[in-house]
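# Fold and contact review
Given next are the chains, with one letter for each unit.
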Amino acid sequence: MQWIPPINPKRYHLEQLLAARGVTLDWLNSGDTDTFHPANVARYSITEAAKTIPFKFQDATADSPDIQAWLKELVTTARENQADRGAPVASVFQGRSLLLLGPTGTGKTHQAYGAIRELAITGVVACWITTTTADLYAALRPRHGIDSEAEFRRFRDARILLIDDLGADRKPTEFTEEVNFRLINHRYEHHLPTLITSNLLPKEISDRLGDRVTSRLIEMCQRVVFTGPDRRRGEAA
Ligand SMILES: Nc1ncnc2c1ncn2[C@@H]1O[C@H](COP(=O)(O)OP(=O)(O)OP(=O)(O)O)[C@@H](O)[C@H]1O
Ligand SMILES: [Mg+2]
């Protein structure tokens, strides 16, 4: 872990988030040159998250109580594992998953990227891989010069994975069904924390994703349902 110099909270849109979670700037910028200090881990995670979080969601927070409870559980487990193993840092690598459901524009992706930022400021290491399903299928399509199995393993083995828009493809193909099954089954069998968003209604999930994927999702995920108007349309909705 490299040492990250003190950071300017404005640059990373952190002021509100730190205040809401009771994290002080003094703590965040503490730790001298100890790279394993949780504050340095937090600074590292904040700078890494900023590289992958889309511009639109760079100031997102996850205020959903269910997501907050999930994050707290991941952090507690990571710290317990650190104590048990005498590891230098606490890292997220196992835990339950969440399925964020709701119509378009209700804030699912906002909450998901908010969760990445929320976890970053805790000082626990969380190596996220993030993708939409459309980008996932595109990345895995067999093509010249690409080892699509190696690419698949990158998603499959992610310490913590965000899959945005599961089931958004209206016409599943054999290829997308196989990717969904292999990915979800692996995450399920290894108890790897996965944050999934979907526009599907609960009753549509089985039709769109098939019984075997749905059965695993039901067991591995807590469902969090978002309601309300499309926030993109504002008052006009
Ligand atoms: N808690 C929030 N505070 C402020 N803005 C929000 C919040 N939640 C969502 N938004 C804004 O509302 C809009 C829709 O949010 P988002 O993209 O997360 O919706 P979604 O549920 O993922 O939609 P879709 O299903 O179409 O992908 C975006 O402009 C987002 O920035
Ligand atoms: Mg979305």
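Scroll up to find the structure.
Residues numbered from 1 in each chain as written. Chains lettered and ligands numbered in written order. Predicted model: local features only at pLDDT ≥ 70, side-chain atom pairs only at ≥ 80, totals over all residues. Heavy atoms only, no water.

### Examining the overall build of the protein
As a reminder, the rule being used: In this description a helix means any DSSP run of H or I spanning at least four residues, a strand means any run of E spanning at least two, and both kinds are numbered starting from the N terminus. The globule rule is 2.2 Å times the number of residues to the power 0.38, and the radius of gyration it is compared with is taken over C-alpha atoms. In this scheme, a residue with accessible area under 20% of its type's maximum is buried, one over 50% is exposed, and one in between is partly exposed, where area comes from a 1.4 Å probe on protein chains only. Note on definitions: a residue-residue contact is assigned when non-hydrogen atoms from the two residues lie within 4.5 Å.
Along its length, the protein carries ten helices and five strands. Relative to the compact-globule value of 18 Å for 237 residues, the protein shows a C-alpha radius of gyration of 18 Å, a close match. Principal axes of the C-alpha set define a box for the protein whose edges measure 55 × 45 × 35 Å. With 237 residues in all, the protein has 46% of them scored as buried. Looking at the protein alone, contacts between residues at least 24 apart form 79% of all its contacts between residues at least 6 apart.

### Focus: the packing of helix α6 (residues 133-140) against helix α8 (residues 174-189)
We count it as follows: Axis definition: a line fit to C-alpha positions, over the contact stretch in the case of helices; interaxial angles, taken between N-to-C directions, run 0 to 180 degrees. Working definition: roughly parallel below 35 degrees, roughly antiparallel above 145 degrees, roughly perpendicular at 65 to 115 degrees, and oblique for all remaining angles. The classification used treats Ala, Val, Leu, Ile, Met, Phe, Trp, Tyr, Cys and Pro as nonpolar, Asp, Glu, Lys and Arg as charged, and all other residues, Gly among them, as polar.
At a minimum axis distance of 11 Å, the contact between α6 and α8 shows a crossing angle of 105°. Taken together, the axes of α6 and α8 are roughly perpendicular relative to one another. Here α6 contributes Leu136, Tyr137 and Leu140 to the contact with α8, which in turn contributes Phe175, Thr176, Val179, Asn180 and Leu183. In the contact of α6 with α8, the residues fall into six nonpolar, two polar and no charged.

### Some words on the pattern of salt bridges
For clarity, the cut-off: Every case where a carboxyl oxygen of Asp or Glu lies within 4 Å of a side-chain nitrogen of Lys or Arg is listed as a salt bridge.
Under the definition given, this model contains eight salt bridges. Glutamate 15 is paired through a salt bridge with lysine 10; the nearest N and O atoms lie 4.0 Å apart.

### Concerning the pairing of strand β4 (residues 194-198)
Filter applied, for reference: Strand pairing is assigned whenever DSSP detects at least two bridges linking the two strands.
The buried fraction of β4 is high, at five of five residues. Here β4 shows a buried face lined by Thr194, Ile196 and Ser198 and a second buried face lined by Leu195 and Thr197. Relative to β4, strand β3 (residues 160-164) runs parallel, the two being bridged by three bridges. Across the sheet, the residue bridging to leucine 161 is threonine 194, located in β4.

### A few points about the packing of aromatic side chains
Given two aromatic rings, one states the distance between the centres and the angle between the planes to describe the pair. Our working definition: Only centres within 6.5 Å qualify two rings of Phe, Tyr or Trp (six-membered ring in Trp) as a pair; their planes then separate them into stacked at under 30 degrees, edge-to-face at over 60, and tilted for everything else. Here, over-ring charges are defined by two tests on the NZ atom of lysine or the CZ atom of arginine: distance to the ring centre within 6 Å, and angle to the ring normal within 35 degrees.
Counting across every chain of the model gives one aromatic pair. Centre to centre, the rings of phenylalanine 57 and tyrosine 113 are 5.5 Å apart; their planes meet at 15°, and the pair counts as stacked. Of the two residues, phenylalanine 57 is situated in the loop between α3 (38-52) and α4 (65-85) and tyrosine 113 in helix α5 (residues 108-120); the sequence distance between them amounts to 56 residues. Note on phenylalanine 57: relative accessible area 16%, which makes it buried. The ring centre of phenylalanine 155 lies 4.8 Å from the NZ or CZ of arginine 154, which sits over that ring. Here the basic side chain of arginine 182 rests over the ring of phenylalanine 152, its NZ or CZ set 4.3 Å away from the ring centre.

### With respect to the site of ligand 1
This is how the line gets drawn: For this purpose, a residue is taken to be near a molecule or strand whenever a single non-hydrogen atom of the residue falls within 4 Å of it. Contacts described as polar in this section are N or O atom pairs within 3.5 Å, which, within protein, must combine one atom able to donate a hydrogen with one able to accept it, while residues neighboring in sequence count only if both atoms come from side chains. The protein chains shown are the only cover counted for residues, whose accessible areas, like all others here, come from Shrake-Rupley with a 1.4 Å probe.
Taken together, the neighbourhood of ligand 1 is formed by 14 residues, with Thr104, Lys108, Thr109, His110 and Asn199 sitting nearest. Within the contact set of ligand 1, an oxygen atom lies 3.1 Å away from a side-chain nitrogen or oxygen of lysine 56. Arginine 231 is positioned with one of its side-chain polar atoms (N or O) 3.5 Å from a nitrogen atom of ligand 1. Within the complex, the protein chains bury 79% of what would otherwise be the 630 Å² of accessible surface of ligand 1. Residues that form the shell around ligand 1 fall into these classes: two nonpolar, seven polar and five charged.

### Re the side chain of asparagine 40
In this fold, asparagine 40 is placed in helix α3. The exposure class of asparagine 40 is buried, given its relative accessible area of 0%. In this structure the side chain of asparagine 40 is engaged in a polar contact, spanning 2.9 Å, whose partner is the backbone oxygen of threonine 35. Here arginine 43 takes part through its side chain, which lies 3.2 Å from a polar atom of the side chain of asparagine 40.

### Re unusual backbone geometry
Its identity as a non-glycine residue notwithstanding, histidine 13 has a phi of 50°, on the positive side. The backbone of aspartate 165 shows a phi angle near 70°, a positive value even though the residue is not glycine.

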